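# What the coordinates show
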Amino acid sequence: MGRMRRSWLLSGICCAIFLLLTGCASQSDSERYTLQLGVACYNQSDTFLSQLIDRLKTDLAAAETDSFQTHIMVRDAAGSQRTQDDQVKELLDAGANVLCVNLVDRADPSEIIDLARERNVPIIFFNREPVAEDMRQWDQLYYVGADAKQSGQLQGELAADYITQHPQIDRNKDGKIQYVVLEGEPGHQDAIIRTETAVDTLKSLGVSLDKLGSGIANWNRAQAQNRMLQLISQHQSGIELVLANNDDMALGAIAAYQKLNYTESAMPVVLGIDGTDVGLEAILNHTLAATVYNDKEGQTAAILQLAQALVTGQGMDQIQFAKDHYIYLPYTKVTAENAAAYLAKSD
Ligand code: BGC
């Protein structure tokens, strides 16, 4: 072999080795990750949750890059904890590497925690908060939600403002506001706390109250309409204020009055919590006085950020935890002035 040919061959080999080495290096620089998110929902016919899950799907699709792929699997337990336990097993069998669980029974997460721990798959609970003791069962458990007390306080403040601005609400002019409460599911962290805090806040702001009654309507519009029809049959036009634990139940109350053909001036002031699309529309058409925004966009963004950090092992230090493993998004007030802006936000 001539000297020339040998040196060409040598430089060719060197070049190949270089390309091989740099090629390998750039491949490991850009590692690829796939988030396989298994979502278990207590009941997808719940208005707030179905909107939250739609948003989560959109956020996940928007977060995709060449090195970060996402796949979402959603299961609806339709109100049965046993069904949800089975669905979580299915999600794990299907390859979920992060679970997002909206418990049916927030006091009964043990089976789900055991299943996830066996496969070392972290769980992000959301919206239905497990009790603190259960959250300590394993160090791969997280919670994303909001502070119930704050929502009650803001609802109380909104109601007090509205009453001050519209003194005619005290229709019987007795100096007190006759009110009823429509409550969410018993045992849900938001139900009792929202009611208690809203009432305490109204009283602390100097509004004299007179409670006429209450009804449990499990977050549900149709049930709220029925409860409200009963309350109206007991008190006729004596109810001046309705405090509902969520927008759907507030809309059920309004529907009851509409069914009975009450005129606008004979209807009580109705307040909700959530700022669902239907709730915001009702504020814009002045049937619902105000609501408190339950920040589903903030909650889905936090779920995604957390899930991404869990899968890639990067970015956990940038997450703002309210306390160990808990992320709470703040509530905000919505009235006729800013309802349109909130409606645009959820698009
Ligand atoms: C929401 C309700 C919803 C419930 C379900 C609450 O935080 O305000 O609208 O039905 O969560 O868990």
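Residues numbered from 1 in each chain as written. Predicted model: local features only at pLDDT ≥ 70, side-chain atom pairs only at ≥ 80, totals over all residues. Heavy atoms only, no water.

Okay, the sheet that holds strand S7 (residues 209-216) next. Ordered in space as S7-S6-S8-S9, the 4 strands form an open sheet in which the pairing is parallel. The sheet terminates laterally at S7 and strand S9 (269-271), the two strands that pair on one side only. Direction aside, the axes of adjacent strands within the sheet are offset by 20 degrees on average. Where strand S6 (residues 177-183) lies against S7, 7 bridges are found, and the strand directions are parallel. Across the sheet, Tyr 179 pairs through a bridge with Lys 211, a residue of S7. (Pairing = 2+ DSSP bridges. Helix = DSSP H or I, 4+ residues; strand = E, 2+ residues; numbered from the N terminus. Axes fitted to C-alpha atoms, helices over the stretch in contact; angles between N-to-C directions.)

Among the secondary structure elements, Leu 280 is positioned in helix H10 (residues 277-284). As a C-alpha pair, Leu 280 and Leu 343 span 63 residues in sequence and 6.4 Å in three-dimensional space. With near-sequence residues (within four places) excluded, Leu 280 lies in contact with Gly 275, Thr 291, Tyr 293, Val 334, Ala 339, Tyr 342 and Leu 343. (Contact = heavy atoms within 4.5 Å.)

Below, the discussion takes up the site of the ligand. The local shell around the ligand holds 13 residues, among which Asp 46, Asn 127, His 188, Asp 190 and Asp 274 are the closest. Contact distances for the ligand include 2.5 Å between an oxygen atom and a side-chain N or O atom of Asp 274. For the ligand, whose free accessible area comes to 310 Å², the fraction covered by protein is 99%. When we break the shell around the ligand down by domain, the ones giving at least three residues each are domain 1 (33-146 + 295-329) and domain 2 (149-293). (Near = heavy atom within 4 Å. Polar contact = N/O pair within 3.5 Å; in protein donor to acceptor, adjacent residues only side chain to side chain. Areas by Shrake-Rupley, 256 points an atom, 1.4 Å probe, with all protein chains shown as cover. Domains from an automatic or database assignment.)

In helix packing, the relevant descriptors are the interaxial angle and the interaxial distance, both defined with respect to the helix axes. Between helix H2 (residues 47-62) and helix H11 (residues 296-312), the shortest axis-to-axis distance is 9 Å and the interhelical angle comes to 45 degrees. As far as their axial angle goes, H11 and H2 are oblique. Our pair here, H2 against H11, has a crossing hand that is right-handed. Where H2 abuts H11, its residues Phe 48, Gln 51, Leu 52, Arg 55, Leu 56, Asp 59 and Leu 60 lie against Lys 296, Glu 297, Gln 299, Thr 300, Ala 301, Ile 303 and Leu 304. Class assignment for the residues of the contact of H2 with H11 results in 7 nonpolar, 3 polar and 4 charged. (Parallel < 35°, antiparallel > 145°, perpendicular 65-115°, else oblique. Left-handed = near helix turned anticlockwise from the far one by under 90°. Nonpolar A, V, L, I, M, F, W, Y, C, P; charged D, E, K, R; others polar.)

Now for the domain arrangement of the protein. Each assigned domain of the protein is listed here: domain 1 (33-146 + 295-329) and domain 2 (149-293). Each of domain 1 and domain 2 has a C-alpha centre, and the two are 32 Å apart. Opposite the 14 residues of domain 1 that make contact, domain 2 presents 13 residues. Scanning the region where domain 1 abuts domain 2 turns up 1 salt bridge. Put simply, Glu 185 and Arg 128 hold a salt bridge, and the shortest N to O gap is 2.8 Å. Elements that contribute at least two residues to the side of domain 1 that touches domain 2 include exactly H2 and H11. By residue number, the principal contributor to the side of domain 1 that touches domain 2 is H2, which donates 3 residues. For the side of domain 1 that touches domain 2, the residue count by class is 4 nonpolar, 3 polar and 7 charged. (Salt bridge = Lys/Arg side-chain N within 4 Å of Asp/Glu carboxyl O.)

To continue, consider the side chain of Asp 46. Along the chain, Asp 46 turns up in the loop between strand S1 (33-41) and H2. Arg 128 is the oppositely charged side chain nearest to the buried, salt-bridge-free Asp 46, at an N-O distance of 5.7 Å. Of note is the side chain of Asp 46, whose polar atom sits 2.5 Å from the side chain of Tyr 42. Reaching out from Asp 46, the side chain makes a polar contact with the backbone nitrogen of Phe 48 at a distance of 3.1 Å. (Buried < 20%, exposed > 50% of the residue type's maximum accessible area, 1.4 Å probe, protein only. Lys, Arg positive; Asp, Glu negative; His and termini not counted.)

Counting 62 residues, the largest nonpolar core has Leu 35, Leu 37, Ile 124, Val 144, Leu 182 and Met 228 as its most contacted members. Two domains each donate at least three residues to this core, and these are domain 1 (33-146 + 295-329) and domain 2 (149-293). Contact partners of Met 228, with chain neighbours within four places excluded, come to Val 180, Leu 182, Ile 239, Val 242, Ala 253, Ala 256 and Tyr 257. Judged by nonpolar contacts, the second largest core, of 24 residues, contains Ile 163, Val 181, Leu 243 and Val 269. (Core = buried A, V, L, I, M, F, W, Y, C linked by side-chain atoms within 4.5 Å.)

Moving on: the packing of aromatic side chains. We describe a pair of aromatic rings using the distance from one ring centre to the other and the angle between the two ring planes. By the definition in use, this model includes 6 aromatic pairs. Three or more aromatic residues joined by ring pairs form one cluster here, namely Tyr 143, Tyr 326 and Tyr 328. Between Arg 128 and the ring centre of Tyr 42, over which it is positioned, the NZ or CZ distance is 3.7 Å. (Phe/Tyr/Trp six-rings, centres within 6.5 Å; stacked < 30°, edge-to-face > 60°. Lys NZ or Arg CZ within 6 Å of the ring centre and 35° of its normal.)

Here the focus is the sheet that holds strand S11 (residues 326-328). Overall, parallel pairing links the 6 strands, which are arranged S2-S1-S3-S4-S5-S11 in an open sheet. For this open sheet the edge positions go to strand S2 (68-76) and S11, each flanked by a neighbour on one side alone. Within this sheet the neighbouring strands show an average axis-to-axis angle of 20 degrees, counted without direction. Across 9 bridges, S1 lies against S2 in parallel orientation. Along S2, the bridge assignment pairs Leu 37 with Ile 72. Strand contacts of helix H3 (residues 81-93): S1, S2 and strand S3 (98-101), with the helix running at about 170 degrees to S1, the strand carrying the most contacts.

Quick look at the pattern of salt bridges now. Applying the stated rule across the entire model yields 10 salt bridges. Across the pair Asp 114 and Arg 117 runs a salt bridge whose closest N-O atoms are separated by 2.9 Å. Here Asp 114 and its partner Arg 117 are both found in helix H4 (residues 110-119), 3 residues apart, which amounts to about one turn of the helix. Here Asp 114 falls in the partly exposed class, since its relative accessible area comes to 34%. Three or more residues joined by partner-sharing salt bridges are found here, namely Lys 89, Asp 93 and Arg 119.

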